[in-house]
Amino acid sequence: MPESMERFIGEVREIVRAGGTEEEMTARVAERLGKVLDDPELLTEAQLLVKKEGFTLNCVHIEQDDSFSIGAGIWDVGQTTPVHDHGTWGVIGIVRGVEKEESFHREGPRLMEGRAVIKPAGSRLAKPGDVFVCCTTDQDAHRVTCASDEPVVGIHVYGDDLAKIPRLKYDIDTGEVTSFQTGWDYASMSA
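Please read these numbers as outputs of a predicted model, since none were measured by experiment.

Participant: So what about the nonpolar core? Which residues, and what values?
Facilitator: Residues Met 5, Phe 8, Val 29, Ile 70, Ile 155 and Val 157 are the most contacted members of the largest nonpolar core, which totals 24 residues. Elements that contribute at least two residues to this core include exactly helix 1 (3–18), helix 2 (22–34), strand 2 (69–75) and strand 10 (152–158). By residue number, the principal contributor to this core is helix 1, which donates six residues. Core analysis: the second largest hydrophobic core is formed by 17 residues, Trp 75, Ile 92, Phe 132 and Val 144 among them.

This is how it looks when you write it as structure tokens:
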């Protein structure tokens with residue numbers, strides 16, 4: 001594990017242990033993430049491997065008590081996710097490439113099945129060095145596309161082990177809600 005990533009993991013650990021609202025924690029995580037993104041040694045070669053069948057989420061770290069996880073999220077050129085949620089807070093920092101994020105507002109409570117009303121709520125292009133809160137538990141639906149001619153690589157920090165959270169995909173035309181689980185693609189990580 002690169003030294004800069006080990007330090008960042010320790011900083012996130014301190015932030016999560018100190019607690020506070022999701023908005024306070026995500027602001028502090030975003031501030032710390034912004035300070036390490038330009039380190040070319042931040043991720044290992046294995047953490048940068050891209051699978052061709054869809055979005056790649058390579059595990060960097062899962063805290064022993066599952067209070068947070070860190071992954072390297074990679075979209076290859078032309079890849080787009082469905083509209084989905086996370087079920088927790090999250091912060092993303094772009095390492096390389098350009099990410100297009102389209103946010104959606106879900107009306108009503110988070111339902112594990114059935115239908116939901118999903119409405120567009122804006123979009124942004126995120127470039128290397130950009131850091132942003134991608135979700136909080138109550139505002140959490142987006143679609144992401146690689147908007148560059150190289151894969152987009154981001155550091156993703158979530159308020160739980162993302163692979164253990166039941167997540168939802170939303171069909172924006174019909175409102176149909178589908179439950180799914182995210183797995184880690186590459187899982188060699190620090191403890």
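Participant: Before we move on, could you go through the packing of aromatic side chains and cite the residues and values that matter?
Facilitator: In total, this model carries one aromatic pair according to the counting rule given. With 4.4 Å between their ring centres and 35 degrees between their planes, Phe 55 and Trp 75 make a pair best called tilted. A residue pair is termed long-range when its members are at least 10 positions apart, and Phe 55 in the loop between helix 2 and strand 1 (56–62) and Trp 75 in strand 2 qualify at 20 residues. For Phe 55, a relative accessible area of 27% gives the class partly exposed. Relative accessible area serves as the criterion here: at 3%, Trp 75 is assigned to the buried category. Between Lys 169 and the ring centre of Phe 180, over which it is positioned, the NZ or CZ distance is 5.5 Å.

Participant: Account for the sheet that holds strand 8 (residues 131–135), with residues named and values stated.
Facilitator: Across a sheet, paired strands are connected by hydrogen bonds in the backbone, their directions being either parallel or antiparallel. The five strands are arranged 1-2-10-4-8 in an open sheet whose pairing can be described as antiparallel. Where the open sheet ends on each side, the last strands, each with one partner, are strand 1 and strand 8. Within this sheet the neighbouring strands show an average axis-to-axis angle of 25 degrees, counted without direction. In terms of strand pairing, strand 2 meets strand 10 through seven bridges, oriented antiparallel. Across the sheet, Gly 71 pairs through a bridge with His 156, a residue of strand 10.

Participant: Kindly report on the pairing of strand 5 (residues 99–107), identifying the contributing residues and their values.
Facilitator: Bridge count for strand 5 against strand 7 (residues 117–126) is nine bridges, and the pairing is antiparallel. Bridge pairing in strand 7 places Glu 101 opposite Arg 124.

Participant: I'd like a description of unusual backbone geometry, backed by residues and values.
Facilitator: Residues other than glycine predominantly adopt negative phi, and peptide bonds predominantly adopt the trans conformation. If you check the backbone angles, Asp 66 has positive phi at about 60 degrees while not being a glycine. Relative to the helices and strands, Asp 66 resides in the loop between strand 1 and strand 2. We classify Asp 66 as partly exposed; its relative accessible area is 22%.

Cut-off values and rules
Residue indices follow the written sequence of each chain, beginning from 1 at its first position. Totals for whole chains, interfaces and linings use every residue, but because this is a predicted model, local features are given only for residues with pLDDT of at least 70 and side-chain atom pairs only at 80 or more, for both listing and counting. Calculated side-chain values reflect all of the structure's heavy atoms, with hydrogen atoms and water omitted. To form a nonpolar core, buried Ala, Val, Leu, Ile, Met, Phe, Trp, Tyr and Cys residues must be joined to one another through side-chain atoms within 4.5 Å. Under the scheme applied here, a residue whose accessible area is under 20% of the maximum for its type counts as buried, over 50% as exposed, and between as partly exposed, the area being computed with a 1.4 Å probe on protein chains only. Secondary structure elements are defined from DSSP: runs of H or I of at least 4 residues count as helices, runs of E of at least 2 residues count as strands, and each element is numbered from the N terminus. Classification of ring pairs uses Phe, Tyr and Trp, with its six-membered ring standing for Trp, and accepts pairs whose centres are within 6.5 Å; under 30 degrees between planes counts as stacked, over 60 as edge-to-face, and the remaining range as tilted. Lysine NZ or arginine CZ positioned within 6 Å of the ring centre and within 35 degrees of the ring normal marks a charge as sitting over the ring. Any two strands with at least two DSSP bridges between them are considered paired. To get an axis, fit a line to the C-alpha atoms, keeping to the stretch in contact for a helix; angles then go from 0 to 180 degrees between the N-to-C directions.

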